[in-house]
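Here are the chains, one letter per residue:
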Amino acid sequence: MESKYDVQFIGLPSPTAPQAGWGAHPCQGLYYTPRGKRPRVAMFAAHYNVDFMEHYLAPYACERGYAFLGWNTRFRGAEDQFLLEHALVDIGVGTRWLKEQAGVDTLILLGNSGGSSLLAAYQGEATVSTMAAEHTGALKDALGSFVKGDAFVSLNAHLGRPDVMTDWMDASVTDEWDPAATDASLDPFNPQNGPPYSEEFIARYRQAQRDRNQRITDWVKAEKVRLAEFGIDDRNFALARTWGDLRCMDPSIDPSDRKPQWCYRGDPVEANKGAGIGRSCSLNSWLSMWSLETSRCQSAEHLAKFDVPTLVVQGTADEGVFPRDARGIYDLVGTPHKELRMVPGAHYLEGSDSDRRNAATIIFDWTDRLLPR
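Everything quoted here is computed from the prediction, not taken from an experiment. (Residues numbered from 1 in each chain as written. Predicted model: local features only at pLDDT ≥ 70, side-chain atom pairs only at ≥ 80, totals over all residues. Heavy atoms only, no water.)

Participant: Account for the overall build of the chain, with residues named and values stated.
Facilitator: Secondary structure summary: the chain contains twelve helices and ten strands in total. Here the chain has a C-alpha radius of gyration of 21 Å; the compact-globule value for 373 residues is 21 Å, and the two agree. Seen along its three principal axes, the alpha-carbon backbone of the chain occupies a region of about 60 × 50 × 40 Å. When burial is assessed residue by residue, the chain has 57% of its 373 residues classed as buried. A separation threshold of at least 6 residues defines the contact pool for the chain, and within that pool the share at least 24 residues apart is 76%. Total accessible area on the chain stands at roughly 15,100 Å², and carbon and sulfur atoms take up 53% of it. Counting 39 positive and 50 negative side-chain charges, the chain places the averaged centre of each group 4 Å from the other. (Helix = DSSP H or I, 4+ residues; strand = E, 2+ residues; numbered from the N terminus. Rg over C-alpha atoms; globule rule 2.2 N^0.38 Å. Buried < 20%, exposed > 50% of the residue type's maximum accessible area, 1.4 Å probe, protein only. Contact = heavy atoms within 4.5 Å. Areas by Shrake-Rupley, 256 points an atom, 1.4 Å probe, with all protein chains shown as cover. Lys, Arg positive; Asp, Glu negative; His and termini not counted. Charge placed at Lys NZ, Arg CZ, Asp CG, Glu CD.)

Structure follows, in structure tokens:
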């Protein structure tokens, strides 16, 4: 069957990362357009490390007459090397290409999953630049010249990487270098603690999660000082047990239509023993992406700058992003021109074409009302 849309591969250098010697570009994407058309409105999607080139909303966008650029920064598949400023610069390469090469007049930023806080940081900097003043040279110039989005859509998204890391952390870990070391009184999988969990346990557990994040940050900062004596700037370390969100175990906390006793990797009891988010970090990537104290991947400061129409869409059966997260994003958005919609479906609306089509219809009906084409 003939495709109803055209797809073009885009590979570009970044102001702070050249094309690799073997030919790969740091910035790569797939540009979708309705067959034979050159739309003036485009949607743009990117993520911290997940490959969004083949994003599931692209065909729906083309059906509605929009273009869609699924974009990857240099950090696709390289979460442990992530640095926010350079990711934003790579995003700026894609948005500028849309404006200057693809002939797009109107830009819609799609912040899906982790991509929401990343693109919120981009949009915040494009609205009121603060990071450029902290740097010099090509990085400073690039950070100060972003193309601003004309609208923002947040889809099944958390408030930021430090926020979701902390919410998902197993607070009962007592030794980061021993994956089995556990405080039984805080163990979310200890039946004596729940589920259901008491309000006292929830409060103590949430504080212990924040304390764990801070302990790692304190160690990272001290380790950087220690290694600096040897002229070493960075090193990698492993992180274990990050499927400990109480909401995955107890559906009465932040209720939704999600499957109980479940997370993105299945049963949380088993998932928590294996690979999770942030499983490999560098010292610098921890401080840039995951630390509650130091990371600017928390979207609150960026969302407050928003002055463009913003739509927050949340799937009611999402097993890792919950209604509280969506309401938090909506409340923090600075513009009064905002809307919150709850829709049926899981995190990527996977497994149901009707859920994807319903969400796409809501999104593109909203953009149709707002944006000229």
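Participant: I'd love a proper account of the packing of aromatic side chains, names of residues and values included.
Facilitator: This structure, assessed with the given rule, holds 18 aromatic pairs. Through a chain of ring-to-ring contacts, the aromatic side chains of Trp177, Trp219, Phe237 and Trp286 assemble into a single cluster. (Phe/Tyr/Trp six-rings, centres within 6.5 Å; stacked < 30°, edge-to-face > 60°.)

Participant: Outline the side chain of Lys305, supporting the account with residue identities and numerical values.
Facilitator: Examined against the element boundaries, Lys305 turns out to sit in the loop between α10 (300-303) and β9 (310-315). Look at Lys305 and you get buried, because its relative accessible area is 18%. Not counting residues within four places of it along the chain, the set of residues in contact with Lys305 comprises Gly124, Glu125, Thr127, Val128 and Thr130.

Participant: So what about the pattern of salt bridges? Which residues, and what values?
Facilitator: Side-chain pairs of opposite charge can arise where the charged atoms are in close proximity. Under the counting rule described, the total for this entry stands at 31 salt bridges. Taking the shortest distance from any N to any O, the salt bridge between Glu339 and Arg341 comes out at 3.5 Å. For Glu339, a relative accessible area of 25% gives the class partly exposed. Looking at Arg341, the relative accessible area reads 33%, which means it is partly exposed. (Salt bridge = Lys/Arg side-chain N within 4 Å of Asp/Glu carboxyl O.)

Participant: Describe the packing of helix α5 (residues 161-168) against helix α9 (residues 283-290), listing the residues and the values that go with them.
Facilitator: With their axes 7 Å apart at the nearest point, α5 and α9 run at an angle of 100 degrees to one another. With respect to each other, α5 and α9 are oriented roughly perpendicular. Seen from α5, the contacting residues are Arg161, Pro162 and Met165; seen from α9, they are Trp286, Met289 and Trp290. Taken together, the residues that form the contact of α5 with α9 break down as five nonpolar, no polar and one charged. (Axes fitted to C-alpha atoms, helices over the stretch in contact; angles between N-to-C directions. Parallel < 35°, antiparallel > 145°, perpendicular 65-115°, else oblique. Nonpolar A, V, L, I, M, F, W, Y, C, P; charged D, E, K, R; others polar.)

Participant: Explain the sheet that holds strand β5 (residues 106-112) to me, using residue names and the numbers behind them.
Facilitator: Strand order across the open sheet formed by eight strands is β1-β2-β4-β3-β5-β6-β9-β10, with mixed pairing between neighbours. Here the strands that pair on one side only, and so sit at the sheet edges, are β1 (5-12) and β10 (338-343). Across the sheet, the axes of successive neighbouring strands diverge by a mean angle of 20 degrees, strand direction being ignored. Relative to strand β4 (residues 67-72), strand β3 (residues 41-45) runs parallel, the two being bridged by four bridges. The residue bridging Ala42 from the neighbouring strand is Ala67, located in β4. Where helix α2 (residues 84-100) meets the sheet, it contacts β1, β2 (27-34), β3, β4 and β5, and its direction lies at approximately 155 degrees from that of β4. (Pairing = 2+ DSSP bridges.)

Participant: Can you break down the layout of surface pockets residue by residue, with the values?
Facilitator: Its boundaries defined by the atoms lining it, the largest pocket holds a volume of some 530 Å³. With three residues, α5 is the single largest residue contributor to the lining of the largest pocket. By residue class, the composition of the lining of the largest pocket is nine nonpolar, nine polar and seven charged. Looking at the second largest pocket, its volume works out to about 190 Å³. Along its surface, the second largest pocket is lined by 16 residues, and Pro179, Arg241, Asn272, Lys273 and Gly274 are the ones closest to its centre. Tallied by class, the residues present in the lining of the second largest pocket amount to seven nonpolar, four polar and five charged. (1 Å grid on protein atoms, 1.4 Å probe; cavity = no way out; pocket = protein on both sides within 12 Å on 5 of 7 lines; lining within 4 Å. Points joined across faces, edges and corners; volume = space filled by probe spheres on them.)

Participant: Please give an account of the environment of Ser113 that cites residues and values.
Facilitator: Looking at where Ser113 falls in the secondary structure, it is placed in the loop between β5 and α3 (115-127). What makes Ser113 buried here is its relative accessible area of 8%. Considered as a pair, Ser113 and Pro344 are 231 residues apart in the sequence and their alpha carbons are 16 Å apart. In this structure, Ser113 is in contact with His47, Leu155, Asn156, Ala157, His158, His347 and Tyr348, ignoring residues within four places of it in sequence.

Participant: Please give an account of α5 that cites residues and values.
Facilitator: Because an α-helix completes one turn every 3.6 residues, residues spaced three or four positions apart along the sequence face the same direction. With seven of eight residues buried, α5 lies mostly within the body of the structure. For α5, every residue scored as buried is listed here: Arg161, Pro162, Val164, Met165, Thr166, Asp167 and Trp168. Residues of α5 that are buried sit in contact with α3, α6 (199-228), α7 (246-249), α9 and α11 (323-332).

Participant: Explain unusual backbone geometry to me, using residue names and the numbers behind them.
Facilitator: Here the residue pair Gly194 and Pro195 is connected by a cis peptide bond, since its omega of 5 degrees sits within 30 degrees of zero. Position of Pro195 among the secondary structure elements: in the loop between α5 and α6. With an omega of -5 degrees, the peptide bond between Pro195 and Pro196 qualifies as cis. In this fold, Pro196 is placed in the loop between α5 and α6. Here Asn156, not a glycine, exhibits a phi torsion of approximately 50 degrees, which is positive. In this fold, Asn156 is placed in the loop between β6 (151-155) and α5. Positive phi outside glycine occurs at Gln261, with the angle close to 55 degrees.

These results come straight from atomic positions and should not be treated as a statement about function.
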